[in-house]
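In case you want the letters, here they are:
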Amino acid sequence: MKTLIIYSSKTGTTKRCAALLAANIGADSCDLFEISEKIPDISDYECVVIGSYVRMGVIDKKISAFLQKHKEELFETKFGLFICSCLADKVSDSITKNFSEEFMDHAAIIDSFGGELPADKIKGMDKIIVNSIIKIAKTDPTFKIFEKIIPESITNFAEVLKEM
Ligand SMILES: Cc1cc2nc3c(=O)[nH]c(=O)nc-3n(C[C@H](O)[C@H](O)[C@H](O)COP(=O)(O)O)c2cc1C
């Protein structure tokens with residue numbers, strides 16, 4: 001299944017998930033592109049996957065713009081969307097906020113692959129935000145955070161696409 005995977009990653013987790021997904025689909029048939037690179041024609045692929053990190057509830061603007069620009073082509077092909085996110089209880093909010101109903105209707109699968117908060121890669125204001133998220137999670141047992149990616153979600157995502 002010739003697959004195009006487009007991703008955006010700030011601290012490397014979404015990039016790694018994109019590579020793991022490619023390995024699950026069959027790396028030889030997957031082309032991976034970071035959203036700022038020159039993206040090939042969607043119509044040259046049987047399957048397209050688009051993934052982004054989530055920050056302050058939103059995915060990368062370049063990914064949103066790409067989705068809007070190419071939605072007609074995407075809706076004519078098999079496609080899946082994934083996010084990397086750390087707020088475990090907010091996965092469905094993050095998905096519905098960032099992907100409109102028409103994407104929900106047409107996508108083969110939309111899921112979160114979990115996320116990571118690598119202390120050495122998060123600096124300045126971002127560190128302050130992350131530290132307050134971690135602090136809330138420690139004091140509020142109902143507030144759960146993903147500290148790791150979820151390999152089973154990646155495997156399942158690949159299976160859904162392969163079976164379609
Ligand atoms: C400043 C900042 C804000 C974040 N905001 C959110 C958020 O609103 N919701 C969420 O689920 N995760 C949030 N996260 C967690 C990221 O989605 C997570 O770290 C993800 O793995 C990042 O992917 P990347 O390494 O590809 O950039 C945030 C992380 C940072 C550093």
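Residues numbered from 1 in each chain as written. Predicted model: local features only at pLDDT ≥ 70, side-chain atom pairs only at ≥ 80, totals over all residues.

Draft legend 1. The arrangement of the site of the ligand in detail. Around the ligand, the surrounding shell holds 24 residues, and the nearest of these are S9, T14, Y53, S85 and G115. Sorting the residues of the shell around the ligand by element identifies α1 (13–25), β3 (47–55) and α6 (124–139) as the ones contributing at least two each. Partitioned by chemical class, the residues of the shell around the ligand number ten nonpolar, nine polar and five charged. (Near = placed C-beta within 6 Å. Helix = DSSP H or I, 4+ residues; strand = E, 2+ residues; numbered from the N terminus. Nonpolar A, V, L, I, M, F, W, Y, C, P; charged D, E, K, R; others polar.)

Draft legend 2. Quick look at the pairing of strand β2 (residues 30–34). Direction of pairing for strand β1 (residues 3–8) relative to β2: parallel, over a ladder of five bridges. Within β2, the position partnered with L4 by the bridge is D31. On the question of chirality, the crossover connecting β1 to the parallel β2 by way of α1 is right-handed. (Pairing = 2+ DSSP bridges. Right-handed = clockwise from strand over helix to strand, strands pointing away.)

Draft legend 3. Representation of the nonpolar core in the model. The biggest cluster of nonpolar side chains holds 34 residues, and the ones touching the most others in it are I5, C17, L21, V48, V49, I50 and F82. Taken together, the elements giving at least two residues each to this core come down to β1, α1, β3, α2 (61–69), β5 (78–84) and α7 (151–163). In terms of residue count, the dominant contributor to this core is β3 (six residues). Not counting residues up to four positions away in its chain, the partners in contact with I5 are A18, L21, A22, C30, L32 and V49. (Core = buried A, V, L, I, M, F, W, Y, C linked by C-beta atoms within 7 Å. Buried ≥ 20, exposed ≤ 12 C-beta atoms within 10 Å, placed from the backbone. Contact = placed C-beta atoms within 7 Å.)

Draft legend 4. Representation of the pairing of β1. For β1, a buried count of six out of six residues is recorded, marking the element as mostly surrounded by other parts of the structure. Here β1 shows no split at all, with T3, I5 and Y7 on one side and L4, I6 and S8 on the other all buried. Bridging between β1 and β3 involves six bridges; their strand directions are parallel. Each residue of the ladder has a partner; that of I5, found in β3, is V49.

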